[in-house]
Amino acid sequence: MGDIYRSKRLFLGLLFGFLLSSSLRVHGQNIWPMPKMASSGSSTLRLSRNFELRTYRSNYLDSSGILKEAFERMLHLIKAGHTVKFDYTQTSLPVLAGINIAIRSPNEILNFGIDESYYLHVPDTGSILFARIEASTVFGALHAIETLSQLCYFNSTTKALELHSAPWTIYDLPRFPYRGLLIDTSRHYLPVLEIKSVIDSMAYSKLNVLHWHIVDDQSFPIEVPSYRKLWNGAYSSSERYTIEDAAEIVNYAERRGVNVLAEIDVPGHTSSWGVGYPSLWPSNNCRNPLDVSNEFAFEVIDSILSDFSKVFKFKFVHLGGDEVYMDCWNKTPHIIDWLNENNMTLSDSYRYFVLRVQDIAMSYGYEIINWEETFNNFGDKLSPKTVVHNWLGGRVAQKVVEAGLRCIVSNQDKWYLDHLEVSWQAFYDNEPLTDISNPDQQKLILGGEVCMWGEQIDMSNIQQTIWPRAAAAAERLWTPLEKLAKHPIEVRMRLAHFRCLLNQRGIQAAPLDIFGRYIPQEPGSCFNQ
């Protein structure tokens with residue numbers, strides 16, 4: 001039986017390899033995610049040994065060096081560790097001398113909904129060849145540079161950097177403004193360098209929001225300057241993030257076009273808070289959710305959000321609100337007395353807590369994201385500035401936009417990365433606008449997010465659990481609906497190529513197989529795994 005299985009895998013691998021190589025030869029379109037519009041030719045260019053960055057007709061001065069850094073990263077990535085030795089004076093192929101970039105806006109603040117579009121043209125005729133990039137903002141230009149990097153290769157035979165299928169003309173922009181990935185640093189601590197590696201890999205697939213689920217029941221790893229004992233709830237003193245670490249992560253992400261969404265999940269998922277401040281617990285024997293009757297709980301949350309507002313500049317903050325099991329409130333005498341004094345039921349107290357914390361967050365200029373349980377229980381009471389984060393059930397997004405609220409889609413049956421049984425094809429096929437046909441309501445779907453919950457994930461396996469399945473969702477969120485591949489083999493060819501590109505860039509993306517998660521089953525080319 002094993003021999004039959006291996007033979008079948010070998011046949012499929014050879015088939016996919018042949019189709020992939022044919023695609024490379026004929027189409028040259030292995031850009032991930034697929035652009036809105038792209039045309040290519042059949043010429044091969046060699047990149048100049050002195051490949052350079054120029055700006056022209058540009059209002060953007062690159063005073064902080066974002067563009068220069070992106071260009072240098074591109075050159076490093078396309079070399080992929082190889083040493084370029086080709087003697088360019090001997091080539092008959094056209095030589096690409098560099099990139100001319102025009103950026104219309106001088107602004108380099110990464111606001112939500114910023115224009116991420118770009119135009120890229122790579123010529124194949126002329127005396128001196130320069131690729132041309134035009135973008136409204138530097139962040140559109142970053143996407144263009146990433147696309148250009150995917151068109152370039154190190155040719156091991158000639159030992160040269162080459163660009164195939166020129167001339168290229170690409171016009172591109174994202175379908176949704178919110179294209180997210182959640183990481184969870186409470187269930188397992190992730191070193192700062194690993195978080196930065198995740199951010200790098202996000203930029204390669206044009207995801208633009210890192211949802212940082214920072215704390216939970218298990219640990220409270222981040223420093224809160226106003227209440228420093230909160231991080232007593234960390235696993236250890238070496239598994240913590242200083243506030244300077246958080247600022248560095250935010251800055252690192254922004255320079256790659258990625259916003260960082262901080263989540264403080266309240267009132268549930270908070271057992272770790274009371275390690276430093278036990279009065280936040282309903283009692284020593286009943287530690288979750290936070291004590292709704294205790295004003296100190298709201299003082300601490302106010303201070304957390306105040307401290308965060310100085311570091312996390314994204315317009316949204318995630319306040320959780322999910323899985324609030326109120327048994328502790330219902331069996332703690334002083335909370336029962338408080339409920340009776342205020343004529344509240346348990347449901348009333350849950351709503352009271354969520355809405356009061358929303359008001360605190362808005363006082364610091366934030367707009368709010370809450371998990372869908374808040375909408376399911378008291379949607380008509382939520383602030384109009386609320387974004388509902390769908391994760392539980394189908395048709396929730398439809399109900400949210402019908403109520404006039406915004407929504408982010410992360411339905412767990414398709415976009416939870418810790419669900420290892422969900423195939424990469426299911427990630428690709430998941431459509432955020434299912435059953436939403438009204439154009440005004442469609443605009444209320446901000447986008448979607450794949451979620452990498454950390455119960456069984458740490459730095460030893462996070463990247464191969466995220467990739468390549470997250471890339472399948474990334475194309476769904478970036479590429480126009482009419483451009484998405486209709487046949488699984490077509491998707492697989494391109495996704496296999498992107499997975500190998502991630503490997504070349506040092507990202508431990510797993511083989512596609514069926515689930516896009518497991519180890520290689522046998523020897524073979526990266527493209528056939």
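On a predicted model such as this, the values are computed, not experimentally measured, just so you know. (Residues numbered from 1 in each chain as written. Predicted model: local features only at pLDDT ≥ 70, side-chain atom pairs only at ≥ 80, totals over all residues. Heavy atoms only, no water.)

1. As for the nonpolar core
Okay, so step 1: Counting residues in each nonpolar core, the largest one holds 110 residues, and the members touching the most others are Trp212, Leu230, Trp273 and Phe312.
Okay, so step 2: No other element matches the eight residues that helix α6 (residues 295-309) contributes to this core.
Okay, so step 3: Apart from residues lying up to four places away in sequence, Phe312 is in contact with Trp212, Ile214, Ile222, Ala246, Val250, Val260, Ala262 and Tyr366.
Okay, so step 4: Ranked by size, the runner-up nonpolar core spans 42 residues in total, among them Val122, Phe139, Leu161 and Ile170. (Core = buried A, V, L, I, M, F, W, Y, C linked by side-chain atoms within 4.5 Å. Buried < 20%, exposed > 50% of the residue type's maximum accessible area, 1.4 Å probe, protein only. Helix = DSSP H or I, 4+ residues; strand = E, 2+ residues; numbered from the N terminus. Contact = heavy atoms within 4.5 Å.)

2. Quick word on the sheet that holds strand β3 (residues 95-103)
Okay, so step 1: The strand order across the open sheet built from eight strands is β1-β8-β4-β5-β3-β2-β7-β6, with neighbouring strands paired in mixed fashion. One side of each edge strand has no neighbouring strand; the edge strands of this open sheet are β1 (37-39) and β6 (152-155). Ignoring strand direction, the axes of neighbouring strands in this sheet form an average angle of 30 degrees.
Okay, so step 2: The pairing of strand β4 (residues 118-122) with strand β8 (residues 168-172) spans five bridges and is antiparallel. (Pairing = 2+ DSSP bridges. Axes fitted to C-alpha atoms, helices over the stretch in contact; angles between N-to-C directions.)

3. Here's the deal with the pairing of β6
Okay, so step 1: Every second residue of β6 is oriented toward a common face, the buried set being Cys152 and Phe154 and the non-buried set Tyr153 and Asn155.
Okay, so step 2: In this structure, β6 lies alongside strand β7 (residues 160-166), joined through four bridges in antiparallel fashion. Paired with Tyr153 across the two strands is Glu162, which belongs to β7.

4. Structural notes on the packing of aromatic side chains
Okay, so step 1: Across all of its chains, the model carries 23 aromatic pairs by this definition.
Okay, so step 2: For the pair Trp32 and Phe498, a centre-to-centre distance of 6.2 Å together with 25 degrees between the ring planes defines the contact as stacked. Of this pair, Trp32 sits in the loop between α1 (2-26) and β1 while Phe498 sits in helix α17 (residues 488-504), placing them 466 residues apart in sequence.
Okay, so step 3: The buried category is assigned to Trp32, whose relative accessible area is 0%.
Okay, so step 4: Classification of Phe498 by relative accessible area gives buried; the value is 1%.
Okay, so step 5: Taken together, the ring pairs in this structure connect Tyr189, Trp212, Tyr241, Phe308 and Phe312 into an aromatic cluster. (Phe/Tyr/Trp six-rings, centres within 6.5 Å; stacked < 30°, edge-to-face > 60°.)

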